[in-house]
Amino acid sequence: MEIIDTYKEGFITFLNKKIKIEEPTNLYEPIHYILQLGGKRLRPVLTLMTCDLFHGDIHNAYNAALAIEVFHNFTLIHDDIMDKAPIRRGKETVHQKWDLNTGILSGDAMMIMAYQCLENYEPTIYKKLNILFSKTALEVCEGQQLDIDFETRNNVSIAEYIKMITYKTSVLVATAMEMGAIIANISEEESAKIYQFGLNLGIAFQLQDDYLDTFGDVKTFGKQIGGDISENKKTFLYLKTLEVSNVKDTKKLLDLYNLKQSNQSKINEVTRLFLKNKIPEITIKEIELYTNKALEILKTLSITEEKKSILKDFGLSLMKRTI
């Protein structure tokens, strides 16, 4: 989509002007490194797009977009440390390239830098952005803790899983959009709708991420394939298998997830159980369910049909992503 590329290019130009390698270099070089690893820049693009579609000045949204992107990448550094992940977007993770302490400290600095980005707004807008951002930041931490807790529980429900990914992932997508709406100075009712649109889109996005973790291509996905299985993560794929499989398959899956050590054989066997129980097809339908929920909300927004089409096309494009 040409318009999306325009938002992305504008944001990257802004990011490169703002994020420099300063002294001490061991603090700022890892920050520059993680922010240059690429990705689709989904969240900052959503901030800019929302502001623009609601007749706001897109240039006023760049700092909020940067806050979202810096915060998101801060969480990636710390998530990779907790997951002991060696690869991020096809490159070494920060703690792997440097060391654990550098990863922790650079991540902490990024959290502070994200909040500093919001200081560029006038008091009324700043207060609204700061309240929303702080609420979201805490929810992301809650989601991460739930994710960790689920690793050692065998009784996680799909409802609990959806709550976890809502907090860990989709609230940041929703917040990215609402921040753009706040800067465009639209009504609270419309802001709430755009938040809900982003929330459902974010759930679909995370379901797609979980799907690709098992069934994606490492060259295009940018992360290790089978990482969730190795870490015994209770993803939708795992939980749905327990729900639909026979007694023998259920026992086999539980036994595999109770193993402390992981290897390729475990990943292959779990993947076989997913395929046997048609989990890829079921997961794709679930992705479509939440995408369609977002699209239903989109219909109620007070913007032109042309602008609704831009958001719709963007949402549908996420279902086809490979990275």
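Residues numbered from 1 in each chain as written. Predicted model: local features only at pLDDT ≥ 70, side-chain atom pairs only at ≥ 80, totals over all residues. Heavy atoms only, no water.

Q: Could you give me a rundown of the overall build of the protein, with the residues and numbers involved?
A: Counting its secondary structure elements, the protein contains 16 helices and two strands. Scaling as 2.2 N^0.38, a compact globule of 323 residues should have a C-alpha radius of gyration of about 20 Å, and the protein matches this with 20 Å. When its C-alpha atoms are laid out on the principal axes, the protein stretches across 60 × 50 × 30 Å. Relative to its 323 residues, the protein shows a buried fraction of 55%. Sequence-distant contacts, at least 24 apart, represent 74% of the contacts inside the protein between residues at least 6 apart. Summed over its atoms, the accessible surface of the protein is roughly 15,000 Å², and 52% of this surface lies on carbon and sulfur atoms. Side chains of the protein carry 40 positive and 44 negative charges; the gap between the two charge centres is 5 Å. (Helix = DSSP H or I, 4+ residues; strand = E, 2+ residues; numbered from the N terminus. Rg over C-alpha atoms; globule rule 2.2 N^0.38 Å. Buried < 20%, exposed > 50% of the residue type's maximum accessible area, 1.4 Å probe, protein only. Contact = heavy atoms within 4.5 Å. Areas by Shrake-Rupley, 256 points an atom, 1.4 Å probe, with all protein chains shown as cover. Lys, Arg positive; Asp, Glu negative; His and termini not counted. Charge placed at Lys NZ, Arg CZ, Asp CG, Glu CD.)

Q: Account for the packing of helix α12 (residues 236-244) against helix α15 (residues 279-298), naming residues and giving values.
A: With their axes 10 Å apart at the nearest point, α12 and α15 run at an angle of 115° to one another. α12 and α15 meet at a crossing whose hand is right-handed. Judged by residue contacts, Phe236, Leu237, Lys240, Thr241 and Val244 of α12 engage Ile279, Ile282, Thr283 and Glu286 from α15. Class assignment of the residues belonging to the contact of α12 with α15 gives a composition of five nonpolar, two polar and two charged. (Axes fitted to C-alpha atoms, helices over the stretch in contact; angles between N-to-C directions. Left-handed = near helix turned anticlockwise from the far one by under 90°. Nonpolar A, V, L, I, M, F, W, Y, C, P; charged D, E, K, R; others polar.)

Q: Residues and numbers for unusual backbone geometry, please.
A: A cis amide bond, omega -5°, links Glu23 with the succeeding residue Pro24. Residue position: Pro24 is located in the loop between α1 (2-18) and α2 (25-35). Residues other than glycine seldom take positive phi values, yet His55 does so here, at roughly 70°. In this structure, Asn185 takes a positive phi of about 60° despite not being glycine.

Q: How would you sum up the side chain of Thr93? Please name residues and give values.
A: Along the chain, Thr93 turns up in the loop between β2 (91-92) and α5 (94-97). Residue classification places Thr93 among the buried positions, given a relative accessible area of 1%.

Q: Account for the nonpolar core, with residues named and values stated.
A: With 75 residues, the main nonpolar core has Met49, Phe197 and Leu311 as its most contacted residues. For this core, the leading source of residues is helix α4 (residues 62-83), giving 11 residues. Setting aside residues up to four positions removed in sequence, Leu311 forms contacts with Met49, Leu53, Met177, Ile194, Phe197, Leu298, Leu301 and Ile303. In this structure, Leu207, Phe236, Leu239 and Tyr290 belong to the second largest nonpolar core, which totals 25 residues. (Core = buried A, V, L, I, M, F, W, Y, C linked by side-chain atoms within 4.5 Å.)

Q: I'd like a rundown of the pattern of salt bridges, residues and numbers included.
A: Taken as a whole and assessed by the stated rule, the structure comprises 16 salt bridges. Lys233 is the salt-bridge partner of Glu231, the closest N and O atoms lying 3.6 Å from each other. The partly exposed category is assigned to Glu231, whose relative accessible area is 21%. (Salt bridge = Lys/Arg side-chain N within 4 Å of Asp/Glu carboxyl O.)

Q: Can you tell me about the layout of surface pockets, naming the residues and giving the values?
A: If you roll a probe as big as a water molecule over the atoms, it shows you where there is empty space left. Its boundaries defined by the atoms lining it, the second largest pocket holds a volume of some 340 Å³. Considered class by class, the residues forming the lining of the second largest pocket number two nonpolar, seven polar and five charged. (1 Å grid on protein atoms, 1.4 Å probe; cavity = no way out; pocket = protein on both sides within 12 Å on 5 of 7 lines; lining within 4 Å. Points joined across faces, edges and corners; volume = space filled by probe spheres on them.)

Q: Describe the environment of Leu42, listing the residues and the values that go with them.
A: Mapped onto the fold, Leu42 is located in helix α3 (residues 42-53). Taking the relative accessible area as the measure of exposure, Leu42 reaches 5% and is therefore buried. Distance from Leu42 to Ile68, taken between C-alpha atoms, is 10.0 Å for residues 26 residues apart in sequence. Filtering out sequence-adjacent residues up to four positions away, Leu42 remains in contact with Val173, Phe205, Phe314 and Leu318.

Q: I'd like a rundown of the packing of aromatic side chains, residues and numbers included.
A: Each aromatic ring pair is summarised here by two numbers: the centre-to-centre distance and the angle between the ring planes. In the structure shown here, the tally under the stated rule is seven aromatic pairs. An angle of 20° between the planes, with centres 5.2 Å apart, marks the rings of Phe14 and Tyr62 as stacked. Within this pair, whereas Phe14 is found in helix α1, its partner Tyr62 is found in helix α4, the two being separated by 48 residues in sequence. One aromatic cluster is present, built from ring pairs that chain together Phe71, Phe74, Tyr115 and Phe133. Sitting above the plane of the Trp98 ring, Lys97 keeps its charged end 5.6 Å from the centroid. The ring centre of Tyr257 lies 5.5 Å from the NZ or CZ of Lys266, which sits over that ring. (Phe/Tyr/Trp six-rings, centres within 6.5 Å; stacked < 30°, edge-to-face > 60°. Lys NZ or Arg CZ within 6 Å of the ring centre and 35° of its normal.)

Q: Any details on the packing of α4 against helix α8 (residues 158-183)? Residues and values, ideally.
A: At a minimum axis distance of 10 Å, the contact between α4 and α8 shows a crossing angle of 165°. Comparing the axis directions of α4 and α8 gives the class roughly antiparallel. When you trace α4 past α8, the crossing you get is right-handed. The residues of α8 that touch α4, namely those facing Ala64, Ile68, Phe71, His72 and Asp79, are Lys168, Leu172, Thr175, Ala176, Met179 and Ile183. Partitioned by chemical class, the residues of the contact of α4 with α8 number seven nonpolar, two polar and two charged. (Parallel < 35°, antiparallel > 145°, perpendicular 65-115°, else oblique.)

Take it as geometry only, folks, not as evidence of what the structure does.
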